[in-house]
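Observations on the three-dimensional arrangement
Each chain, written out:
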Amino acid sequence: MKYDFDKIIDRTNTACVKYDLRQTIFGKSDVIPMWVADMDFETPDFIRDAVIRRAGHPIYGYTFRDEDYYQPIIEWMQSHHGWTIQKEDVVFCPGVVPALNMAVLAFTKPSDKIIIQPPVYRPFYGAVRDHERELVYNQLIQKENKYLIDFELLEELAKDAVMMILCNPHNPVGRCWDQSELDSIAKICIKNHVLVLSDEIHADLVMPGNKHEVFANLSPEAAEIAITAHAPSKTFNLAGLATSSVIILNPDLRKVFSEFIDKMHLSMGNLFGNIASTSAYLHGEPWRSQLIDYLQTNIDFTTTFINENIPHLKMIRPEATYMIWLDFRDYRIDDETLKHKLIHEAGLGFNPGTEFGPGGKGFMRMNIACPRSTLKEALERLHAMCESL
Ligand SMILES: Cc1ncc(COP(=O)(O)O)c(C=O)c1O
């Protein structure tokens, strides 16, 4: 079956963060929303059908997850990532951001140092600061349009850190960390007894020519220090169903985390999220591979458009994720003015780079998971705005 990613779907008035909060976020209700990380494509039909089937039963009482829930996750990890896991390794959590916060609370104590690699997804900051832990920055290095890890600094910081939160692949700079980079992180963290909380929510959104490596699957020693957060939500566009897995192979760490989740009474999850997850992992590969083709073409389209029309704007081509990191620094314009012009002159709702912390000044993040006609309109508006700078 060929899926139609060109279809325009009206998402307004569906309690949809991306569209219905535009006035609140941008002060303008009609910007083309290219910010929060969900997609303007239909959640696939086989997932909707499974949810609708269950919704047809008149009672939505307490639920639980059985073999049918775990087996597709186990098989997906094996077939897509070459990672062998067991049912016991998988702990449910209602979302990856909640999982990051829970893991920080479960494995660290106030004042402990936690390393993150900015510019990075904003909730990484909150997961540390909101719980009185200390943020430590191993800022990424930008080299010829590619972001790299500062291993020398990491080696220093790891000496007195307790945890590192790894974004693998990395939002917003789109890096799909390769095996040797991850091996170097593992080596440093193992030596210094630093736990690695690896957020792998974008693992199934890797562009052709790149390969996702599960941090915990690098070696038995890496598995000992790893807590992996994974979810079907980005890939299959079901973030509203708040369903994710925290996969921990080390039984001692897993015990601590699952007891924490149980004490918070978070382990039930929601009925429809469980069903959607099962359906996604069971039937999702043909849809996912067509999605990747479409996203890759959107990335190519954006690259060509910018190169041909907006030469002063630089774009960081993502190896993974549907986010494009745009570098406006050649325009020498301050961030507030840039943001204002994008919203009020171009009618575009991007995420300011400053939201992602150090290294974000002069950048914007653009979500290209939309029909090509929408992307084309957005790029034409961007072009017109940049001409006026
Ligand atoms: C790196 C990363 N982690 C987590 C999330 C969100 O996870 P959840 O919706 O499951 O809390 C996002 C969404 O953009 C993300 O980019």
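One structure accompanies this document, and this report is about it.

Thresholds applied
- Residues numbered from 1 in each chain as written.
- Predicted model: local features only at pLDDT ≥ 70, side-chain atom pairs only at ≥ 80, totals over all residues.
- Heavy atoms only, no water.
- Pairing = 2+ DSSP bridges.
- Helix = DSSP H or I, 4+ residues; strand = E, 2+ residues; numbered from the N terminus.
- Axes fitted to C-alpha atoms, helices over the stretch in contact; angles between N-to-C directions.
- Salt bridge = Lys/Arg side-chain N within 4 Å of Asp/Glu carboxyl O.
- Buried < 20%, exposed > 50% of the residue type's maximum accessible area, 1.4 Å probe, protein only.
- Arc of directions from axis to C-beta.
- Contact = heavy atoms within 4.5 Å.
- Polar contact = N/O pair within 3.5 Å; in protein donor to acceptor, adjacent residues only side chain to side chain.
- Phe/Tyr/Trp six-rings, centres within 6.5 Å; stacked < 30°, edge-to-face > 60°.
- Lys NZ or Arg CZ within 6 Å of the ring centre and 35° of its normal.
- Disulfide = S-S within 2.5 Å.

**Description of the sheet that holds strand β2 (residues 90-93)**
One open sheet accounts for seven strands, arranged β2-β10-β9-β8-β7-β3-β4; its pairing is mixed. Of all strands in the sheet, those bounded by a partner on one side alone are β2 and β4 (134-137). Direction aside, neighbouring strands of the sheet carry axes that sit 25° apart on average. Relative to β4, strand β3 (residues 113-116) is paired through four bridges, and the arrangement is parallel. Residue pairing across strands places Ile115 opposite Val136, the latter belonging to β4.

**Topic: the pattern of salt bridges**
Enumeration over the complete set of coordinates arrives at 26 salt bridges. Asp30 is paired through a salt bridge with Lys28; the nearest N and O atoms lie 2.7 Å apart. Under the relative-accessibility criterion, Lys28 is labelled partly exposed at 22%. Connected via shared salt-bridge partners are Arg11, Lys18, Asp38 and Asp40.

**Here we look at helix α7 (residues 151-158)**
Restricting attention to buried positions, one finds in α7 the residues Leu154, Leu157 and Ala158. End-on view of α7: buried residues confined to an arc of 95°, all on one side of the axis. Looking at the buried positions of α7, the neighbouring elements they touch are β3, β4, β7 (163-167) and α8 (179-191). Of the residues flanking the start of α7, the one acting as N-cap is Asp150, its side-chain oxygen 3.4 Å from the backbone nitrogen of Glu152.

**So, the packing of aromatic side chains**
Tallied over the entire structure, the rule returns 16 aromatic pairs. A ring pair is formed by Tyr60 and Phe272, whose centres lie 5.3 Å apart and whose planes are at 80°; its orientation type is edge-to-face. You can see Tyr60 sitting in the loop between α3 (45-55) and α4 (67-81) and its partner Phe272 sitting in helix α12 (residues 271-283), a full 212 residues away along the chain. Looking at Tyr60, the relative accessible area reads 49%, which means it is partly exposed. Seen in terms of ring centroids, Tyr69 and Tyr70 are 5.1 Å apart; in terms of plane orientation they differ by 85°. Their pairing is edge-to-face. Here the two residues Tyr69 and Tyr70 agree in accessibility, since each one is buried. Here the basic side chain of Arg65 rests over the ring of Tyr69, its NZ or CZ set 5.4 Å away from the ring centre. Stacked on the ring of Tyr294, the Lys or Arg Arg372 has its end atom at 4.1 Å from the ring centre.

**Details of the environment of Glu156**
The residue Glu156 is located in helix α7 in this model. A sequence separation of 67 residues divides Glu156 from Ala223, and the C-alpha atoms of the two residues are 22 Å apart. Polar contacts involving the side chain of Glu156 include one to the side chain of Lys159, which spans 2.8 Å.

**Details of the state of the cysteines**
As enumerated under the stated definition, the model contains zero disulfides in all. Its sulfur unpaired, Cys167 is 12 Å from the next cysteine sulfur, which belongs to Cys176. Left without a disulfide partner, Cys189 is nearest to the cysteine sulfur of Cys167, which lies 15 Å away. When its relative accessible area of 0% is taken as the criterion, Cys189 is described as buried.

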